[in-house]
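# Descriptive structure summary
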Amino acid sequence: MSNSFQNFNLNPNIIKSLDVLNYNVPTPIQSRVIPPLLNHRDLVIKSKTGSGKTAAFSIPIIQNIKWDKREPQVLVLTPTRELAIQVKEDMFNIGRFSRIKVEAVYGKSSYESQAKQLKQRTHVIVSTPGRLIDHIENKTVDLSQISTLVIDEADELLRMGFIDEVERIIHFLPLERLTVLLSATMPTDIEKLSNLYMNNPELIVIEDDELTENKLTQYYYEVEQKDKLKLIDDVLIIRNPESAIIFCNTKQAVDDVCEMMDEKEYLVHKIHGDMEQKDRLKVMNDFKHGLFRYLVATDVAARGLDIDSVSLIVNYDIPYHAESYVHRIGRSARAGKEGLAISFISNRESHYLDQINTYTNHDIMMLERPTQEVVNQAFEVFQNRQTSDLVIKMGKGFEFKEEIMKLHINAGKKTKMRASDIVGTICAIPGLSAKDIGVITILDISTFVEILNKKGELVFETLQTMPIKGRLRVVSKANKTEYELADEANKTLE
Ligand code: ADP
Ligand code: MG
């Protein structure tokens, strides 16, 4: 089957990654963004969440990376750590066969290990503004060769008050560069930012109705605060979703809802801004992989995160900003799937509903509260689902495992191991060339090397008896599922 991304004259290694990711046809935003970015044109891109913006900028940027250059060339700024990790994974997957090294730099994770990683060859840095400034001040990051800047989720960066940090960072970057700004909405502050720091950018807007038809159904209930806990339970029972995210405005409400559901032994976890980074990551990862059904969250989780097919979104509290509403419901009905969004609105909050209706140009329909009889009838089916097995989802990186084997070598910087030693040894194996070697990561006492093109087994076997840098080394298979790796990453943060 041919891949229509080929029409952009992309490098075969990128096409190969896209094939594995099952990206066969560009989304509308990708068709409009890839050609001008390949030609180094500054762009301001507005299109709704879920339209494929990450790949839209990543594909051309990865194609233009100069692999041999040691200093970082691409900087992507994102508002949250979760998003930084997600963009890192997406770019890594797309650049995998091009051997592109992507590092995520974000707050509350080990500063030292990030500084160390940055010292190695890194092509792309994905970062939240605060932590990047720490690295700049401590001179643990070199931004002198950045030739591409991406400001992702610009509206959110501004809304979270990162504007000063973003501007400070820009002042550290070379003037001669490509700048790309992406946003789901276009407040005037963003226009200002683009006028100041971009070079005659082209504005690319994909209106919502240009996208595939909206398969999201939206309803609201009128409900007083004191009745919400009962209503959320009823809604879950009658709708009986495979998975759901329940958004609250406060940490207190998150705790209350989670506690109620916990008591009923529903498979529920929560996420909010006061939690430790490693706990947040673990919850997000587990939810993404379908290890539990219901996530109760504040807006921390709403933005940009690519969670597949959440069939139900509940706004336990109606958000006070219409934009937050759009971001929250954007977690459902992704990539053409169907979805349902239900909002709880109390009497005195009806003006928020009006604002949302105006902003989205869509009248959310009101539902009558379900009667106890209806709830009782639905209960048995609901109960069956609670006790049935969860559908475990594999991450996108998973398909790569066939093609790629990651090897662990028991030697590293302390024993003066260098990437060239590894490459030299592997290329000396009959049938192997540099093209079969993926990302090499050298740590203090261990080295990871990815072997591409299904040649992992051969290299693994050979290295059992073939010395590297004059000595026989312990070489083992390091292939893990994306989930195991994320879990390990969490542990190292402790
Ligand atoms: P946005 O940044 O616009 O919110 P994302 O970049 O997160 O959107 O992409 C949304 C989802 O669509 C992701 O799951 C991504 O893997 C998927 N996707 C992106 N491009 C394609 C494509 N060309 N074909 C199929 N799926 C795609
Ligand atoms: Mg995005």
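In this text the structure is predicted, and so the values were computed from the model without any measurement.

### Structural notes on the overall build of the protein
On a plain count of helices and strands, the protein comes out with 19 helices and 18 strands. Counting only residues that meet the buried cut, the protein has 54% of its 494 residues in that class. Across the protein, contacts joining residues at least 24 apart in sequence account for 76% of those joining residues at least 6 apart.

### Concerning the side chain of aspartate 233
As for its position among the elements, aspartate 233 is in helix α10 (residues 228-239). When residues no more than four places from it in sequence are discounted, the contact partners of aspartate 233 are Met260, Lys264 and Tyr266.

### Things to note about the sheet that holds strand β5 (residues 148-151)
In space, the seven strands of this open sheet follow the order β3-β4-β2-β5-β6-β1-β7, with parallel pairing throughout. With partners counted over all chains shown, the strands left at the sheet margins are β3 (102-105) and β7 (202-205), one partner each. For this sheet the average axis-to-axis angle between neighbouring strands, irrespective of direction, equals 15 degrees. Pairing of β5 with strand β6 (residues 178-183) involves four bridges; the strand directions are parallel.

### Focus: the packing of aromatic side chains
Taken as a whole, this structure holds eight aromatic pairs when the rule is applied. Where phenylalanine 5 meets phenylalanine 8, the ring centres are 6.1 Å apart and the plane angle is 55 degrees; that geometry is what we call tilted. Assigned by exposure class, phenylalanine 5 and phenylalanine 8 land together as buried. On the basis of an interplanar angle of 75 degrees and a centroid distance of 6.2 Å, the ring pair of tyrosine 221 and phenylalanine 344 is categorised as edge-to-face. One end of the pair, tyrosine 221, is in strand β8 (residues 216-222); the other, phenylalanine 344, is in strand β13 (residues 339-345), and 123 residues separate them in sequence.

### A word on the pattern of salt bridges
Under the counting rule described, the total for this entry stands at 20 salt bridges. One salt bridge in this structure joins aspartate 317 and lysine 228, with 2.8 Å as the shortest N-O distance. Pair noted here: aspartate 317 is in the loop between β12 (312-315) and α13 (322-329) and lysine 228 is in helix α10, with a separation of 89 residues, a long-range link. Accessibility expressed as a relative area gives 0% for lysine 228, which makes it buried. A single salt-bridge network, built from bridges that share partners, covers Glu242, Arg293 and Arg385.

### Topic: a negative patch on the surface
Among the surface-exposed residues, Asp256, Glu259, Asp262, Glu263 and Glu265 lie close enough to one another that they form a single negatively charged patch. Here aspartate 262 lies in helix α11 (residues 251-263).

### Digging into the packing of α10 against helix α15 (residues 372-387)
For the pair α10 and α15, interaxial distance at closest approach is 8 Å and the crossing angle is 55 degrees. Between α10 and α15, the angle falls in the class oblique. Read as a crossing pair, α10 and α15 show a hand that is left-handed. Counting all contacts with α10, which are made through Lys230, Asp234, Leu236, Ile237 and Ile238, the residues of α15 involved are Gln372, Val374, Val375, Ala378, Phe379 and Phe382. Partitioning the contact of α10 with α15 into residue classes produces eight nonpolar, one polar and two charged.

### Some details on the state of the cysteines
Counting across every chain of the model gives zero disulfides. For the unlinked cysteine cysteine 248, the closest cysteine sulfur is that of cysteine 258, found at 9.3 Å. On the accessibility criterion, cysteine 248 (0% relative accessible area) is buried.

### Quick word on the environment of leucine 203
Topologically, leucine 203 is positioned in strand β7. The class for leucine 203 is exposed, based on a relative accessible area of 51%. Taking C-alpha positions, leucine 203 is 6.1 Å from isoleucine 45, a pair spaced 158 residues apart along the chain.

### Some thoughts on the packing of α13 against helix α14 (residues 350-360)
Where α13 meets α14, the axes come as close as 9 Å, and the angle between the chain directions of the two elements is 70 degrees. Relative to α14, α13 is oriented roughly perpendicular. For the element pair α13 and α14, the recorded crossing hand is right-handed. Contacts between α13 and α14 involve Ala322, Glu323, Tyr325 and Val326 from the first element and Gln355, Ile356, Tyr359 and Thr360 from the second. When its residues are assigned to classes, the contact of α13 with α14 shows five nonpolar, two polar and one charged.

Cut-offs and rules
Residues numbered from 1 in each chain as written. Chains lettered and ligands numbered in written order. Predicted model: local features only at pLDDT ≥ 70, side-chain atom pairs only at ≥ 80, totals over all residues. Heavy atoms only, no water. Helix = DSSP H or I, 4+ residues; strand = E, 2+ residues; numbered from the N terminus. Buried < 20%, exposed > 50% of the residue type's maximum accessible area, 1.4 Å probe, protein only. Contact = heavy atoms within 4.5 Å. Pairing = 2+ DSSP bridges. Axes fitted to C-alpha atoms, helices over the stretch in contact; angles between N-to-C directions. Phe/Tyr/Trp six-rings, centres within 6.5 Å; stacked < 30°, edge-to-face > 60°. Salt bridge = Lys/Arg side-chain N within 4 Å of Asp/Glu carboxyl O. Patch = residues over 30% accessible without salt bridge, like charges linked within 9 Å, V, L, I, M, F, W, Y side chains within 5 Å. Areas by Shrake-Rupley, 256 points an atom, 1.4 Å probe, with all protein chains shown as cover. Lys, Arg positive; Asp, Glu negative; His and termini not counted. Charge placed at Lys NZ, Arg CZ, Asp CG, Glu CD. Parallel < 35°, antiparallel > 145°, perpendicular 65-115°, else oblique. Left-handed = near helix turned anticlockwise from the far one by under 90°. Nonpolar A, V, L, I, M, F, W, Y, C, P; charged D, E, K, R; others polar. Disulfide = S-S within 2.5 Å.

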